[in-house]
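# Understanding the architecture of this molecule
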Amino acid sequence: MSASPDPVEAISQRLDIFVTAQRLHAADLGAEAASFVEAAAATVEGGKRLRGRFCVAGWRAVEEASRPAPTLPAEVVTAAAALEVFHAAALVHDDVIDNSDTRRGRPAAHRALEASHRDARWAGDAAAFGRSAAVLLGDLLVAWSDDLFEEGLAISLVARASAARAEYATMRREVTIGQFLDIAEESAFVTEDDDRHADRALRVASLKSARYSIQQPLVIGAALAGADAAQVAALAAFGHPLGMAFQLRDDVLGVFGDERETGKPSGDDLREGKRTVLIAYARESLAPPARRIVDELVGDRALDAAQIASLQRTIVESGALERVESLIAAYAREAERSLSGARLGNAAVGELRDLARAATVRVT
C-alpha cells in the first residue's frame, strides 16, 4: 500500500481496506452476520485518530533522529490503524459498562443494536439483546485489532516486531485492569479514607487511559523504528504525563463539556458515578453534610438538569476544578521537559508538542 503523507488520511485509508475485506467475508455468512460486521464498521468511523497519530509520531521521532523526512511505511500505518480498532473496542465495552446512550453524537453501539432488534421485530428483550450483542461486538473489534496488528508486523523486521508485540500486549492487559479498577472504584470508594480517593483515581487514569491512549502508542511506533532504550524511555516519559493530562481533561469535559462538542450529554460522568480526581478533590473540600449529598447524587442515573447544574457549581466553588486545571498544566509541563535533550528528530519533537496541545487544550 502506498501510504499517504498525512497520518490521519493514511490510517483511515488502511481501515477502509481492512473493513472492506471483513464485509466481503461476512457476506458469505448470512444477513445477520453482515449486519453485525456493519455495526463493527460503524464504530471505527470518524474520531480524532489520536492513538494512531501518536503511534506514527513515535515512529517518526526515532526515524528522524537518523535520517530526515522518512517515508511512512505500510507496517506503521497498519499498526496505527490497529490501535484505532482497539480503541473502538474499548469504547463499545465502556459504553455497555456505563450504560451510555450516545457516542460521538450517535447512539452507542448497544443502543444501535437494541434498535435493530426492535426494528426487525425479533422476539425477546431488545435492550438485553443490545447489551449482549455489544459485548460480542467489542470482542470482534479486539480480534480485528489483533489481526490488523499482526498483519503489519508480518512485514517488519523480526526484532522490531517482537518489541512492538510486547508493548501491544502490555497495553491490552493494563487497559483491561484499568477498566476494572474504574468500575470497582464506583463501589469501593465507601471503604477508603477520603484522603486516598484522589490517588486511587489517578491510578485508574494511568492504567485505563494515560498508558493506552498516548504512552503505549508512542512506544509501539518507536519499537517499529528500532528505538534504543534511551529513546523508548524518553518517549514513555513524555507519553505518560501527557496521557494523564489528557484523561484529566476528559474528566473535566465529562462534567462540564458541551454536548454539541463532545457528543455526550453534559454531566454524563456524574450520572454514571465516575469517581474521578475532580470528584475526589471536591469531596476533600466539603464539610461532611455536603459530602454526603454529593455521594448521594453522583451515580444517580435520573439526575435532572438542575441537579447537574448544582453539582457543577459545588465542584467549581470547592476549588476542585481549579486544582484539576493546575494538575493538567503540571503534567503538560512534565511531558514537555522530558523531550529536552532526547535523541529524537527535531521535526518530530515539534509534532509531539503540537499533539500535546491538541490532547490537553480541547473541547471534545
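To keep things clear, this report deals only with the structure shown in the data block.

### A look at the overall build of the protein chain
For the protein chain, the helix and strand inventory stands at 16 helices and 2 strands. Relative to a compact globule of 364 residues, whose C-alpha radius of gyration would be 21 Å, the protein chain shows 21 Å and is just as compact. Dimensions along the principal axes, computed over C-alpha positions, put the protein chain at roughly 60 × 60 × 35 Å. Counting all 364 residues of the protein chain, 52% fall into the buried class. Contacts spanning at least 24 positions in sequence make up 76% of the contacts within the protein chain whose residues lie at least 6 apart. By element, 54% of the accessible surface of the protein chain is carried by carbon and sulfur atoms, the whole surface being about 16000 Å². Looking at charge distribution, the protein chain has the averaged site of its 42 positive side-chain charges lying 2 Å from that of its 54 negative ones.

### What about the pattern of salt bridges?
If you walk through the whole model with that rule in mind, you get 33 salt bridges. A salt bridge links Arg362 to Asp250; its shortest N-O distance comes to 3.2 Å. Within this pair, whereas Arg362 is found in the segment after helix H16 (346-360), its partner Asp250 is found in helix H9 (residues 229-256), the two being separated by 112 residues in sequence. Under the relative-accessibility criterion, Asp250 is labelled partly exposed at 32%. Taken together, the shared-partner salt bridges connect Asp94, Asp98, Asp182, Glu186, Lys208 and Lys274 into one network.

### Observations concerning empty space enclosed by the protein
Overall, the coordinates contain 1 cavity of 30 Å³ or more when judged by the stated rule. Considering only enclosed or pocket space, the largest cavity measures out at about 40 Å³ in volume. As for the largest cavity, its lining consists of Glu185, Phe189, His197, Arg275, Thr276, Ile279, Ala280 and Arg283. No other element matches the 3 residues that helix H12 (residues 277-285) contributes to the lining of the largest cavity.

### Observations concerning the nonpolar core
In summary, soluble globular proteins display a tendency toward joint burial of nonpolar side chains. Counting residues in hydrophobic clusters, the biggest one holds 71 residues, and the most contacted among them are Leu141 and Phe238. Core analysis: the next-biggest nonpolar cluster, separate from the first, contains 31 residues, Ala205, Ile279, Val294 and Leu303 among them.

### Thoughts on helix H15 (residues 320-338)
Between its terminal C-alpha atoms H15 stretches 27 Å, which fits the 27 Å expected from 19 residues at 1.5 Å a residue. The complete set of buried residues in H15 reads Ala320, Leu321, Val324, Leu327, Ile328, Tyr331, Ala335 and Ser338. Each buried residue of H15 lies within a common arc of 120° when the element is viewed along its axis, so the set occupies one face. In this structure, H15 carries Glu322 and Arg337 as exposed residues pointing more than 90 degrees from its buried face. Along its buried surface, H15 packs onto helix H8 (197-224), H9, H12, helix H14 (305-317) and H16.

### Concerning unusual backbone geometry
A positive phi angle is found at Asn99, which is not glycine, with a value near 55°. Tracing the backbone shows Asn99 in the loop between helix H4 (74-98) and strand S1 (102-103). With phi around 55°, Arg104 is a residue other than glycine that occupies positive phi space. In this fold, Arg104 is placed in the loop between S1 and strand S2 (106-107).

### Here's the deal with the packing of helix H1 (residues 7-26) against helix H3 (residues 50-63)
Taken N-terminus to C-terminus, the directions of H1 and H3 make an angle of 120°; their axes are 10 Å apart at the nearest point. Taken as a pair, H1 and H3 cross one another with a handedness that is right-handed. Across the interface between the two elements, Pro7, Val8 and Ile11 from H1 touch Gly52, Arg53, Val56 and Arg60 from H3. A breakdown of the residues in the contact of H1 with H3 according to their chemical character gives 4 nonpolar, 1 polar and 2 charged.

### Some words on the environment of Gly58
Along the polypeptide, Gly58 turns up in helix H3. Judged by its relative accessible area of 0%, Gly58 falls in the buried class. Sequence separation between Gly58 and Val232 is 174 residues, and the spatial gap between their C-alpha atoms is 9.0 Å. Leaving out residues up to four positions away in the same chain, Gly58 has contacts with Leu218, Gly221, Ala222 and Leu235.

### A few points about the layout of surface pockets
For the second largest pocket, the calculated volume is near 540 Å³. Ala39, Ala109, Ala112, Leu113 and Leu137 are, among the 26 residues lining the second largest pocket, the residues nearest its centre. Put simply, the parts of the chain that give the lining of the second largest pocket at least two residues each are helix H2 (31-43), H4, S2, helix H5 (109-119) and helix H6 (126-153). A per-element tally of the lining of the second largest pocket places H2 first, with 7 residues. Broken down by class, the residue content of the lining of the second largest pocket amounts to 16 nonpolar, 4 polar and 6 charged.

### Side note on the packing of aromatic side chains
Going through the model one piece at a time under the given rule, you end up with 5 aromatic pairs. For the ring pair Phe86 and Tyr212, a centre distance of 5.9 Å and an interplane angle of 75° mean the geometry is edge-to-face. With Phe86 in helix H4 and Tyr212 in helix H8, this pair connects stretches of sequence that are 126 residues apart. Residue Phe86 is classed as buried on the basis of its relative accessible area, which comes to 6%. On the numbers, 4.2 Å between centres and 15° between planes, the contact of Phe149 with Tyr168 is stacked.

### Re the packing of H1 against H2
As a packed pair, H1 and H2 sit with axes 9 Å apart at the nearest point and diverge in direction by 165°. Between H1 and H2, the crossing angle belongs to the class labelled roughly antiparallel. Two packed elements cross with a definite hand, and for H1 against H2 that hand is right-handed. In contact with Val19, Gln22, Arg23 and Ala26 of H1, H2 contributes Ala33, Ala34, Val37, Glu38 and Ala41.

Basis of the calculations
Counting restarts for each chain, with residues numbered from 1 along the sequence as it is written. Owing to the predicted nature of the model, reporting of local features is limited to residues with pLDDT of at least 70; listing and counting of side-chain atom pairs is limited to 80 or more, with chain, interface and lining totals taken over all residues. Note that water and hydrogens are dropped before the side-chain values are worked out from all heavy atoms of the structure. To qualify as a helix, a DSSP run of H or I must reach at least 4 residues; to qualify as a strand, a run of E must reach at least 2; elements of each kind are numbered from the N terminus. Within these notes, the globule rule equals 2.2 Å times the number of residues to the 0.38 power, and the radius of gyration is based on C-alpha atoms. Partly exposed describes any residue whose relative accessible area lies between the buried limit of under 20% and the exposed limit of over 50%, with all areas from a 1.4 Å probe on protein chains only and scaled to the type maximum. The contact definition used throughout considers only heavy atoms, calling two residues in contact when any of these lie within 4.5 Å. To measure how exposed things are, a 1.4 Å probe is used in the Shrake-Rupley method; for residues, cover is taken only from the protein chains shown. None of His or the chain ends enter the tally, which takes Lys and Arg as positive and Asp and Glu as negative. Throughout, a charge is located at the NZ atom of Lys, the CZ atom of Arg, the CG atom of Asp or the CD atom of Glu. What makes a salt bridge here is a side-chain nitrogen of Lys or Arg within 4 Å of a carboxyl oxygen of Asp or Glu, nothing more. Think of a 1 Å grid over the protein atoms and nothing else: a 1.4 Å probe that fits but is trapped marks a cavity, an open set flanked by protein within 12 Å on at least five of seven lines marks a pocket, and residues with an atom within 4 Å of a point count as lining. Grid points are joined across faces, edges and corners, and a volume is the space filled by probe spheres set on the points. Only buried residues count toward a nonpolar core. Its members are Ala, Val, Leu, Ile, Met, Phe, Trp, Tyr and Cys residues joined through side-chain atoms within 4.5 Å. Residue count minus one, scaled by 1.5 Å, sets the expected span of a helix. Here the arc refers to the directions that run from the helix axis out to each C-beta atom. In this analysis, axes come from line fits to C-alpha atoms, helices being fitted only over the stretch in contact, and the angle between any two N-to-C directions falls in the range 0 to 180 degrees. If you view the pair so one helix is near and one far, a crossing is left-handed when the near helix is turned anticlockwise from the far one by less than a right angle, and right-handed when it is turned clockwise. Lys, Arg, Asp and Glu make up the charged group, whereas Ala, Val, Leu, Ile, Met, Phe, Trp, Tyr, Cys and Pro make up the nonpolar group; the residues left over, Gly among them, are polar. Each aromatic pair joins two rings of Phe, Tyr and Trp (for Trp, the six-membered one) with centres within 6.5 Å, and gets the label stacked for planes under 30 degrees apart, edge-to-face for over 60, and tilted for any other angle. Every angle not falling under 35 degrees, over 145, or within 65 to 115 is termed oblique; those three ranges are roughly parallel, roughly antiparallel and roughly perpendicular.

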